[in-house]
Amino acid sequence: MSGGGTCLKHGPQESWAIVCLGIGDALKEDQAVGFVWGGDDGARWALCSHCDKQIAQGHARPHKPVPLCNACFIEAWQLNGKPEKFE
Ligand SMILES: [Zn+2]
Ligand SMILES: [Zn+2]
């Protein structure tokens, strides 16, 4: 997703990632909930461990997707121990 928008924390942003709501909520409370991520610059995505497990078992994703600015995305990634990119 691109084309502007404003992050409450980081101000106006040009590039956004898509993450599950579990990660979005956990970031606000500085909680690590897992961070399975992939994608390229400008089109990154991430899921919490719960969503990742449910999808792996063939279930629907529990959390809805929400946009997260790239700076927030990096913060969530660091909070979760900087996991390697999912290929
Ligand atoms: Zn999730
Ligand atoms: Zn942000």
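Everything quoted here is computed from the prediction, not taken from an experiment. Numbers given to residues run from 1 along each chain, matching the order in which its sequence is written. To read the labels, note that chains go from A and ligands from 1, taken in the order they are written. Only residues with pLDDT of at least 70 are given local features in this predicted model, and only at 80 or more are side-chain atom pairs given and counted; all residues enter the totals for whole chains, interfaces and linings.

### So, the overall build of the protein
Next up, step 1: Within the protein, the regular secondary structure consists of three helices and six strands.
Next up, step 2: In DSSP terms, a helix is any run of H or I states spanning at least four residues, a strand is any run of E spanning at least two, and both are numbered starting from the N terminus. Ordered by position in the sequence, the α and β elements of the protein form the string β-β-β-α-β-β-α-β-α.
Next up, step 3: The C-alpha radius of gyration computed for the protein amounts to 12 Å, which stays within 12% of the reference 12 Å derived for 87 residues, consistent with globular compactness.
Next up, step 4: Dimensions of the protein, computed from the C-alpha atoms along their principal axes, are close to 40 × 25 × 20 Å.
Next up, step 5: Three classes are used. A residue is buried when 20 or more other C-beta atoms lie within 10 Å of its own, exposed when 12 or fewer do, and partly exposed in between, with C-beta atoms placed from the backbone. A buried classification covers 26% of the 87 residues belonging to the protein.
Next up, step 6: In this description, any two residues whose backbone-derived C-beta atoms lie within 7 Å of each other are considered to be in contact. The long-range fraction of contacts in the protein, counting pairs at least 24 apart against all pairs at least 6 apart in sequence, stands at 64%. Note that the radius of gyration is over C-alpha atoms, with the globule rule given as 2.2 Å times the number of residues to the power 0.38.

### Overview of the sheet that holds strand β4 (residues 36-40)
Adjacent strands of a sheet form backbone hydrogen bonds with each other and so pair up, either parallel or antiparallel.
Next up, step 1: Here we have four strands laid out as an open sheet, ordered β4-β5-β3-β6, and mixed in their pairing. Every interior strand has two partners, whereas the edge strands, β4 and β6 (65-69), have only one. Taking each pair of neighbouring strands and ignoring which way they run, the sheet shows an average axis angle of 25°.
Next up, step 2: Note on pairing: two strands pair once DSSP finds at least 2 bridges between them. Bridge count for β4 against strand β5 (residues 43-47) is five bridges, and the pairing is antiparallel. Counted as the bridge partner of Asp40 is Ala43 from β5.
Next up, step 3: Geometry is summarised by axes, namely lines fitted to C-alpha atoms with helices restricted to the contacting stretch, and by angles between N-to-C directions that run from 0 to 180 degrees. Running over the sheet, helix α1 (residues 21-28) touches β3 (16-20), β5 and β6 and is turned about 100° from β3.

### Observations concerning α1
Next up, step 1: Along α1, the residues that are buried comprise Gly22, Ile23, Ala26 and Leu27. Buried positions in α1, seen along its axis, are confined to an arc of 130° and lie on one side of it.
Next up, step 2: Buried residues in α1 make contact with β3, β5, α2 (49-56) and α3 (70-79).
Next up, step 3: Downstream of α1 by one or two residues, Asp30 has phi in the positive range, about 55°. Note that the arc is computed from the directions linking the helix axis to the C-beta atoms.

### Quick word on the nonpolar core
Next up, step 1: Grouped together as the largest cluster of nonpolar side chains are 20 residues, with contacts concentrated most on Val19, Ile23, Ala46, Leu68, Phe73 and Ala76.
Next up, step 2: Within the residue set of this core, elements represented by two or more residues are β3, α1, β5, β6 and α3. The term nonpolar core means buried Ala, Val, Leu, Ile, Met, Phe, Trp, Tyr and Cys residues held together as one set by C-beta atoms within 7 Å.

### Remarks on unusual backbone geometry
Next up, step 1: The phi dihedral of Asp30 falls on the positive side, at around 55°, and the residue is not glycine.
Next up, step 2: Looking at the element boundaries, Asp30 is found in the loop between α1 and β4.

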